[in-house]
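Chain by chain, the residues run as shown.
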Amino acid sequence: MTDTPTYPYWHLYLDGAGVSHQQQCYLTEFELKSIGGGASAQWQGQKTTAKATVMFTVLPVGWIGDWHPNPKPQWIVPLSGRWSVEAMDGTRVEFGPGDISFGDDVGAGKLGDKTGHYSTTVGDTPAVLMLVQFEEPLATQAGACRFK
């Protein structure tokens, strides 16, 4: 049997003053079980049972998302291309296929002319993203690494 997996993700979160930060976190809570239908056991890490909307978006080459908060808490999974996110504290992270991010800066305050985060496409190809947006606000949790 293999060891329990861990998988990195970036968490864009707010501190107590409403300033956004990014921190790399790790998904570590997995259970080895069948997903059903006679499938062999696989590592599963259910993180929430909240109602969610799955959406796909294509950010064109040169796209700029000026300072804004996420509209809802959301997982963001790049499928192709690259994009970057800069938090209000100046931390900039670039994402590509295989990376995941949890955008959790809904309700961000202001820091000078900044609120939420600043995002752009990177390179000469569009960035194709899959978003899983939660319909209801998640329970408030201060700090980074909301999911384990």
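Residues numbered from 1 in each chain as written. Predicted model: local features only at pLDDT ≥ 70, side-chain atom pairs only at ≥ 80, totals over all residues. Heavy atoms only, no water.

Engineer: So, the overall build of the chain: which residues are in play, and what are the values?
Structural biologist: The number of helices and strands found in the chain is 0 helices and 12 strands. N-terminal to C-terminal, the α/β element order of the chain is β-β-β-β-β-β-β-β-β-β-β-β. Here the chain has a C-alpha radius of gyration of 16 Å; the compact-globule value for 148 residues is 15 Å, and the two agree. Expressed as a percentage of its 148 residues, the buried residues of the chain come to 36%. Summarising the internal contacts of the chain: among those between residues at least 6 apart in sequence, 70% fall at separations of at least 24. Looking at the chain as shown, the accessible area adds up to about 8000 Å², and 54% of this sits on carbon and sulfur atoms. The positive charge centre, built from 10 side chains, and the negative charge centre, built from 15, are 4 Å apart in the chain. (Helix = DSSP H or I, 4+ residues; strand = E, 2+ residues; numbered from the N terminus. Rg over C-alpha atoms; globule rule 2.2 N^0.38 Å. Buried < 20%, exposed > 50% of the residue type's maximum accessible area, 1.4 Å probe, protein only. Contact = heavy atoms within 4.5 Å. Areas by Shrake-Rupley, 256 points an atom, 1.4 Å probe, with all protein chains shown as cover. Lys, Arg positive; Asp, Glu negative; His and termini not counted. Charge placed at Lys NZ, Arg CZ, Asp CG, Glu CD.)

Engineer: Describe the nonpolar core, with residues and values.
Structural biologist: Inside soluble globular proteins, nonpolar side chains tend to come together where they are buried. In terms of nonpolar packing, the biggest core is built from 11 residues, these being L12, L59, I76, W83, V85, A87, V93, F95, A127, L129 and L131. Breaking this core down by element, the ones donating at least two residues are strand 8 (82-87), strand 9 (92-95) and strand 12 (127-134). Residues within four places of V85 in sequence aside, it is in contact with L12, Q22, T91, R92, V93, F95, H117, Y118 and S119. L27, I100, V132 and C145 belong to the second largest nonpolar core, which has 10 residues in total. (Core = buried A, V, L, I, M, F, W, Y, C linked by side-chain atoms within 4.5 Å.)

Engineer: So what about the packing of aromatic side chains? Which residues, and what values?
Structural biologist: If you walk through the whole model with that rule in mind, you get 7 aromatic pairs. Ring geometry for W75 and F147: centres 5.1 Å apart, planes at 40 degrees, overall tilted. Of the two residues, W75 sits in strand 7 (residues 74-80) while F147 sits in the segment after strand 12, which places them 72 residues apart along the sequence. Note on accessibility: W75 and F147 belong to one class, buried. With centroids separated by 6.0 Å and ring planes inclined at 55 degrees, the aromatic side chains of F102 and F134 adopt a geometry described as tilted. (Phe/Tyr/Trp six-rings, centres within 6.5 Å; stacked < 30°, edge-to-face > 60°.)

Engineer: Requested: an account of the pattern of salt bridges, with residues and values cited.
Structural biologist: What the rule picks out here adds up to 5 salt bridges. With a closest N to O distance of 3.3 Å, K72 and E135 form a salt bridge. Here K72 is found in the loop between strand 6 (64-68) and strand 7, whereas its partner E135 is found in the segment after strand 12, with 63 residues between them in sequence. Of the residues examined, E135 reaches a relative accessible area of 26% and is grouped as partly exposed. (Salt bridge = Lys/Arg side-chain N within 4 Å of Asp/Glu carboxyl O.)

Engineer: So what's going on with the sheet that holds strand 11 (residues 117-122)? Which residues, and what values?
Structural biologist: Strand order in the open sheet formed by 4 strands is 6-11-8-9, with antiparallel pairing between adjacent strands. The strands lining the two open edges of the sheet, one partner per strand, are strand 6 and strand 9. The average undirected angle you get between the axes of adjacent strands in this sheet is 15 degrees. (Pairing = 2+ DSSP bridges. Axes fitted to C-alpha atoms, helices over the stretch in contact; angles between N-to-C directions.)

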